Amino acid sequence: MDATQSGLGEKTMNNNNDKKASPWKSIQLGLAILFGFVVYAYGFQITKVDLEDLRSERRQQSLVRVMRALARPEILEYEQQEEVINTPVYVTCPASGVPTLPGADTSGPYLIVTPACAEPGETVQVEGFNFAPNTAGPLRFVPGNDPANTVTLGRDNVQTDASGYFVVDFILPKRPSEDVQYIRATLSQNVGAPRFTKTAYDTWEKIIETVFLALLATTFGTFLAIPLSFIAARNLMKPVRSPLASIALSLLGWPIGIAIGYVIVRWVEGWSSPFAGNIPVNLISMIIAPVLVWFGLRWALPQEEITVPSTSTRMTRLVVLILTILVGFYGLFQLASLSMNLGRLSMTSLGSLAFLGNFLFQAGDIVSIITPALGGLAAGGALSSFMGRIGQRSTEKLSINSAKLFNITFSTLAGAVTFVLIGQLIEWLYQITNPFYTLWGPLVTGALLGLVVAVVTKAKDTLPTGMVIYYVTRTFLNGLRSIEALVMAIVFVIAVGIGPFAGVMALGLHTIVSLAKLYSEQVESIMAGPLEAIQATGANRLQTIVYAVIPQIIPPYISYTMYRWDINVRMSTIIGFVGGGGIGFLLQQNINLLNYRAASAQMFAIAIVVASMDYISSVLREKYV
Amino acid sequence: MLQIKNLTKIYDGGVKALENVSFDVPDGQFLAVIGLSGSGKSTLLRCINRLIEPTDGQILWNGEDITKASPEEMRRIRRKIGMVFQHFNLVHRSKVITNVLAGRLGYINPAWSFLNRFPKQDIQKAYQQMERVGIADKANHRADELSGGQQQRVGIARALMQDPQMILADEPVASLDPVLAHSIMKHLEDINEKDHVTVLCSLHFLDLVHRYADRVVALNQGQLVFEGLPSEIDDQKFKDIYGRDAERVG
């Protein structure tokens, strides 16, 4: 108790000391204010803050016009019924006096001009009777003596009252003529139910495109961002350390594995392609392959194993596993063919549902294109982790000296191979065509670097592999994230042509990098306790992620994904500016044509979509988070 | 037999959490680890299953050196060592049954964990263990819907799923009220006596130590200051362990 009190006392005294004004502090504050003043003053200069233009009458008029147009989006229109009435008038009274005109037909709508003749530029009074009540329209002067003349001069807007009457002062144009001329009232009236304008239909079509563009980009982006987010999370990567031999061997494993995997999968494709067009074979394969894969996997990867299996069992399992995977790839190719065949069939037979066929066809095409790449990556990953394990084992088993020799050999080799690959990439990008810079130079540099690393590190030390991967991933993500989706869209428009697909690619790529960053920060902030508990059960890294990390990050992942979809909807509204599809194209067109009412309709559509996205996401969040 | 030999842990900041700690634990013993907060109890327990890497020293378990084990050997060792935590460390958003089944992960082939599937016999076993600690009716509840005492029982069921030969309990009752504390301790005692599982349990209250422990080791600032029977802790020993100003309560 005593201790607590004295502790409090000290604290209060400290506070008193802090509060005592020191001249240095005042000077600091003054300098800070001065600095702020200078910064903002310069900011005003740079951004040309100037209200003078705003005061000019002309600008205000344009502004009002645009604002009014924006306030009346071109969404609904009515069938118009027009009442067109001409009445004769003489501009310059004829010398012979005004001829008596036939009295107007007073049963229908009619106009009376008083006086019936006047000099050009003089004002006459025009009265209208018996028009439809509460209608509006222009009152015009029709030159020449033809009442059907479509050329008109001057314009006054008139509006009838409840009894269908209006009166207006009309200035006669300077168009003197001996002949009779006319004044025409064109009063139009909305009839029937309102209907959507062409703009509304176009906007609807494009906003749907926009929403789906955003949906696809978000979906692809999310799928790829999730694995990236794990390797960009410090707390998961920090404990990952491996000995040099393991790193060197897994580095070697990647390119070799990718090459082998790609070749083998292409070979399997060669097996599958003769039956590509044969739907019965496709169907049979689709039944047999999954069954074989299931049993193969069940046998080769027993769910639970208490004792360590013998080497021969392990080898048999490995063989079965590889065969199973080959059957699996055969199945994938057959699936792709089947999907393409069914798609082609249903495109011709389904009529208005042909888009389902198109989807099947495109999905099949995607599968057949990415399967070899997938095979390469899978084999690369598998070989790399296998060789990494060999490295780990040898480090454990070998004596210090042999381990050192092992490290030196493989580290040099790995360095050389990695640098040569980078050199070849540079060659491909910049076409230097000088093997000294792109082949021999990197070879020697890489080998030397590997050698130095191997010599410097102690034989059995572990290196922070995880943190290296973490920093590389972070740098890569930050670099890509700084490129706006709009800029990416320009590149993709060149790659896949103008249209929504380019937008999907650009937004998808941007989604991957920005979501990966947001996600990884969520992974970094999970509770460490469950992670520890799952690790303590003997779970390996993958199991720890599946059972301790993923359950914790589902809620933030869902809400970030929804947020990202929201951003993507908004982004996809402008991605059209550079040809990336979506509503942006229409919006830009209408703004350039000064068709603000149509642009307003598109802006309304965007606002509605964004607002409903927000609502839907909050409902979903409440339900699942 | 668990043998701790000259175990030292120095954290990155230079803090010495454990200094030259040595003691043996015969199989089947209920060992209490006592000491002030920050005396190194948690570090000691976590060094045994290498959640924390020891800086120096050896930990021999049935003759095998845990500190030298490769990642794969560590997996086999860890699955035989259950662990119970002060804050239960359940995965809140997962079901109770999933939390209990997680105890089986050391035995399951990692390739299958993507599918979130466990063998049938494991699921049966999970229900048996939940029955044993009295939470079978909560199997399909989310873990964070349970009260503290129930959550700790889930933690014990998870440890039991490992078929452990040893349980490390890191202040298992420090977040619970006295009644619940006894019920949890009784479960540990039951496991110790019926299944002959070695239990290493860090505790704060001496009455619990007297009631449940076969033997006590005490740490003070990372050093072993007492090793013996609970009844041997007299006033002088107490002051050695907890400092001169400490007063006995309870």
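Quick caveat: nothing in here was measured; it's all calculated off a predicted structure.

1. Things to note about the overall build of chain A
Okay, step 1: A tally of helices and strands in chain A yields 19 helices and 10 strands.
Okay, step 2: For chain A, the C-alpha radius of gyration of 39 Å lies well beyond 25 Å, the compact-globule estimate for 625 residues.
Okay, step 3: Once the C-alpha set of chain A is aligned to its principal axes, its extents read approximately 130 × 90 × 65 Å.
Okay, step 4: The proportion of buried residues among the 625 residues of chain A is 32%.
Okay, step 5: The contacts in chain A between residues at least 6 apart in sequence include a share of 77% that link residues at least 24 apart.

2. Quick notes on the overall build of chain B
Okay, step 1: A count of helical and extended segments in chain B gives eight helices and 10 strands.
Okay, step 2: Radius of gyration (C-alpha) of chain B: 18 Å, near the 18 Å computed for a compact globule of 250 residues.
Okay, step 3: The principal-axis extents of the C-alpha atoms in chain B amount to approximately 55 × 40 × 35 Å.
Okay, step 4: Burial statistics for chain B: of 250 residues in total, 46% are counted as buried.
Okay, step 5: Sequence separation of 24 or more characterises 68% of the internal contacts of chain B that already satisfy a separation of 6 or more.

3. A short note on the sheet that holds strand 5 (residues 64–65) of chain B
Residue and element names in this part refer to chain B.
Okay, step 1: Within the open sheet, the four strands sit side by side as 2-1-4-5. Their pairing is antiparallel. Here the strands that pair on one side only, and so sit at the sheet edges, are strand 2 (16–25) and strand 5.
Okay, step 2: Pairing of strand 4 (residues 56–61) with strand 5, which is carried by two bridges, proceeds in the antiparallel orientation. By the bridge assignment for strand 5, Trp-61 is matched with Glu-64.
Okay, step 3: Contacts between helix 1 (residues 41–48) and the sheet are confined to strand 1 (2–10), strand 2 and strand 4, with strand 2 contributing the most and set at about 60° to the helix.

4. A look at unusual backbone geometry
Okay, step 1: With an omega dihedral of -10°, the bond running from Thr114(A) to Pro115(A) counts as a cis peptide bond.
Okay, step 2: By the element assignment, Pro115(A) lies in the loop between strand 2 (110–114) and strand 3 (117–118).
Okay, step 3: With phi around 55°, His196(B) is a residue other than glycine that occupies positive phi space.
Okay, step 4: Within the secondary structure, His196(B) sits in the loop between helix 6 (178–194) and strand 8 (198–202).
Okay, step 5: Classification of His196(B) by C-beta neighbours within 10 Å gives exposed; the count is 11.

5. Remarks on the domain arrangement of chain A
Okay, step 1: Entries for chain A in the domain assignment read domain 1 (43–75 + 198–224 + 487–625), domain 2 (78–196) and domain 3 (248–397).
Okay, step 2: Using only C-alpha atoms to locate each centre, domain 1 of chain A and domain 3 of chain A end up separated by 35 Å.

6. Digging into the nonpolar core
Okay, step 1: Formed by 135 residues in total, the largest nonpolar core has its most connected members in Ala506(A) and Ile167(B).
Okay, step 2: Counting residues per element, this core draws most heavily on helix 17 (residues 541–575) of chain A, at 13 residues.
Okay, step 3: In contact with Ile167(B), not counting residues within four places along its chain, are Gly82(B), Val84(B), Ala159(B), Leu188(B), Ile191(B), Val197(B) and Val199(B).
Okay, step 4: Membership of the second largest hydrophobic core comes to 22 residues, among which are Leu251(A), Ala379(A), Ala416(A) and Phe419(A).

7. Focus on the interface of chain B and chain A
Okay, step 1: Contact with chain B, which involves 28 residues of that partner, is made by 27 residues of chain A.
Okay, step 2: Here the residues of the side of chain B that touches chain A sort into 14 nonpolar, 10 polar and four charged.

8. Thoughts on the confidence of the model for chain B
Predicted coordinates in areas of low pLDDT are best not read in detail.
Okay, step 1: This prediction gives chain B a mean pLDDT of 91; 99% of its residues lie at or above 70.
Okay, step 2: Interface confidence for the predicted complex, given as ipTM, is 0.93, next to a pTM of 0.73.

9. Focus: the domain arrangement of chain B
Residue and element names in this part refer to chain B.
Okay, step 1: When cut into domains, chain B gives domain 1 (26–54 + 71–80 + 164–250) and domain 2 (91–163).
Okay, step 2: Put simply, the middle of domain 1 and the middle of domain 2, counted by C-alpha atoms, are 24 Å apart.
Okay, step 3: Taken together, the contacts link 14 residues of domain 1 with 12 residues of domain 2.
Okay, step 4: Among the elements of the structure, helix 2 (71–78) and helix 6 are those that each provide at least two residues to the side of domain 1 that touches domain 2.
Okay, step 5: It is helix 6 that contributes the most residues to the side of domain 1 that touches domain 2, five residues altogether.
Okay, step 6: Class assignment of the residues belonging to the side of domain 1 that touches domain 2 gives a composition of seven nonpolar, three polar and four charged.

10. Structural notes on the sheet that holds strand 5 (residues 136–142) of chain A
As a general point, the strands of a sheet are linked pairwise by backbone hydrogen bonds and lie either parallel or antiparallel.
Okay, step 1: What the five strands build is an open sheet, ordered 3-1-8-5-6 (chain A); its pairing is mixed. Since the sheet does not close on itself, it has two edges, and those belong to strand 3 and strand 6 (153–159) of chain A, each with one partner.

11. Things to note about the packing of helix 7 (residues 244–272) of chain A against helix 10 (residues 354–397) of chain A
Residues and elements named next belong to chain A.
Okay, step 1: Interaxial distance between helix 7 and helix 10 falls to 6 Å at its minimum, and their mutual angle equals 150°. When the axis of helix 7 is compared with that of helix 10, the two are roughly antiparallel. As helix 7 packs across helix 10, the resulting crossing turns out to be right-handed.
Okay, step 2: Of the residues contributing to the contact of helix 7 with helix 10, the split by class is 20 nonpolar, 17 polar and two charged.

12. Some points on helix 12 (residues 435–456) of chain A
Residue and element names in this part refer to chain A.
Okay, step 1: An ideal rise of 1.5 Å per residue puts 32 Å on 22 residues; helix 12 measures up with 30 Å between its terminal C-alpha atoms.
Okay, step 2: The complete set of buried residues in helix 12 reads Thr-438, Pro-442, Gly-446, Gly-450 and Ala-454.
Okay, step 3: If you follow the buried residues of helix 12, they end up packed against helix 7 and helix 11 (400–430).

About the thresholds
- Residues numbered from 1 in each chain as written.
- Chains lettered and ligands numbered in written order.
- Predicted model: local features only at pLDDT ≥ 70, side-chain atom pairs only at ≥ 80, totals over all residues.
- Helix = DSSP H or I, 4+ residues; strand = E, 2+ residues; numbered from the N terminus.
- Rg over C-alpha atoms; globule rule 2.2 N^0.38 Å.
- Buried ≥ 20, exposed ≤ 12 C-beta atoms within 10 Å, placed from the backbone.
- Contact = placed C-beta atoms within 7 Å.
- Pairing = 2+ DSSP bridges.
- Axes fitted to C-alpha atoms, helices over the stretch in contact; angles between N-to-C directions.
- Domains from an automatic or database assignment.
- Core = buried A, V, L, I, M, F, W, Y, C linked by C-beta atoms within 7 Å.
- Nonpolar A, V, L, I, M, F, W, Y, C, P; charged D, E, K, R; others polar.
- pLDDT = per-residue confidence, 0-100.
- Parallel < 35°, antiparallel > 145°, perpendicular 65-115°, else oblique.
- Left-handed = near helix turned anticlockwise from the far one by under 90°.
- Expected span 1.5 Å × (residues − 1).

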